[in-house]
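# Analysis of the macromolecular model
One-letter residues, chain by chain:
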Amino acid sequence: LHLEPWGVGVTPLEADAALARVRVAAEVRNTRTTDAEATVDWTVRDGEGREVARAQARLSVAAGGLSPVEQTVAIASPRRWSVEAPVLYRLETRLSDGDRERDRESTAFGIRTLRFTPGEGFVLNGEPVRLKGGCVHHDCGLLGAQTLGRAEERKVELLKASGFNAVRCAHNPPSPAFLDACD
């Protein structure tokens, strides 16, 4: 009984200065030959580690099955992510059956709203943002295709220092370390 790889998600639905609503989700895989009863607990923490929201769901997962589950949580007075202030929260997802923890995952995310309109273009947190983007490859130049966290951070720092606020990734999917650096 475990959380499916890439099966935990968090999606900001709406956010203003007073309140944010965020959807938290998980997919639970049961590789047992019998049905299982499980509990998924979600805890949202701010950048200082303080708990700001909590949700729980109980579910039955058929033998050999996969069951999705989701909840919506409210966060009072959210600090919204922006290009100038990339504030991140952390979603802690815990899977248990009875008193025994079976799996755990931690996911960083930013609370923000975004939309694209024909008149304003890209709108982040209600404000139009002019995208100034660059195209990068999945590798780190002379360091090769190996993912090195600090090298990915430096790549993003150099892009930002050059005035870029958007990135297009070429040829191969970006590494999780690169996406973390962008966040």
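Residues numbered from 1 in each chain as written. Predicted model: local features only at pLDDT ≥ 70, side-chain atom pairs only at ≥ 80, totals over all residues. Heavy atoms only, no water.

### A look at the sheet that holds strand β8 (residues 100–109)
The cut-off we apply is this: Pairs of strands are assigned from DSSP output, requiring at least two bridges between the strands. Numbering of helices and strands runs from the N terminus; a helix is a DSSP stretch of H or I covering at least four residues, while a strand is a stretch of E covering at least two. In this analysis an axis means a line fitted to C-alpha atoms, helices contributing only their contacting stretch, and an angle means the value between N-to-C directions, from 0 to 180 degrees.
Reading across the sheet, the four strands line up as β5-β4-β7-β8 and stay open at both edges, with antiparallel pairing between neighbours. A single partner strand is all that each edge strand has here, and the edge strands are β5 (51–61) and β8. On average, adjacent strands in this sheet sit at an angle of 15° to one another, irrespective of strand direction. With nine bridges joining them, strand β7 (residues 89–97) and β8 adopt antiparallel strand pairing. From the neighbouring strand, Leu91 faces β8, where its bridge partner is Thr107.

### A few points about empty space enclosed by the protein
The line we're drawing: Think of a 1 Å grid over the protein atoms and nothing else: a 1.4 Å probe that fits but is trapped marks a cavity, an open set flanked by protein within 12 Å on at least five of seven lines marks a pocket, and residues with an atom within 4 Å of a point count as lining. Grid points are joined across faces, edges and corners, and a volume is the space filled by probe spheres set on the points. Nonpolar residues are Ala, Val, Leu, Ile, Met, Phe, Trp, Tyr, Cys and Pro. Charged residues are Asp, Glu, Lys and Arg, and all others, Gly as well, are polar.
Per the counting criterion, the structure on display carries one cavity of 30 Å³ or more. Estimated volume of the largest cavity: approximately 50 Å³. What lines the largest cavity is simply Val136, His137, His138, Glu152, Lys155, Cys169, Ala170, Asn172, Pro174, Ser175 and Phe178. Along the lines of polarity and charge, the residues of the lining of the largest cavity split into five nonpolar, four polar and two charged.

### Observations concerning the state of the cysteines
Definition in use: Here, the term disulfide refers to a pair of cysteine sulfur atoms separated by no more than 2.5 Å. The classification of residues rests on relative accessible area computed with a 1.4 Å probe and restricted to protein chains. Under 20% of the type maximum is buried, over 50% is exposed, and intermediate values are partly exposed.
As enumerated under the stated definition, the model contains zero disulfides in all. Distance from the sulfur of Cys135, which forms no disulfide, to the nearest cysteine sulfur (Cys169) is 7.8 Å. Given a relative accessible area of 45%, Cys135 falls into the partly exposed group. Summary of cysteine pairing: Cys140 is not part of a disulfide, and the nearest cysteine sulfur, belonging to Cys169, is at 11 Å. For Cys140, a relative accessible area of 13% gives the class buried.

### Let's talk about the packing of aromatic side chains
What counts, and what does not: Here a pair means two rings of Phe, Tyr or Trp (six-membered ring of Trp) with centres within 6.5 Å. Their orientation is stacked below 30 degrees between planes, edge-to-face above 60, and tilted elsewhere.
Applying the stated criterion across every chain, the model contains two aromatic pairs. On the numbers, 5.1 Å between centres and 40° between planes, the contact of Phe116 with Phe122 is tilted.

### Details of the pairing of strand β13 (residues 166–170)
Spelled out, the test is: Crossovers are described as right-handed under a simple rule: with the strands pointing away from the observer, the path leading from the first strand over the helix to the second runs clockwise.
Of the pairings in the sheet, the one linking strand β12 (residues 133–137) to β13 comprises five bridges and is parallel in character. Across the sheet, Gly134 pairs through a bridge with Val167, a residue of β13. For the crossover that starts at β12, traverses helix α1 (residues 149–161) and ends in the parallel β13, the hand is right-handed.

### Some remarks on the sheet that holds strand β11 (residues 127–128)
In space, the three strands of this open sheet follow the order β9-β10-β11, with antiparallel pairing throughout. Edge strands, defined here as strands with exactly one partner in the open sheet, are β9 (114–117) and β11. Relative to strand β10 (residues 121–124), β9 is paired through four bridges, and the arrangement is antiparallel. Opposite Arg115, over in β10, you have Val123 as the bridge partner.

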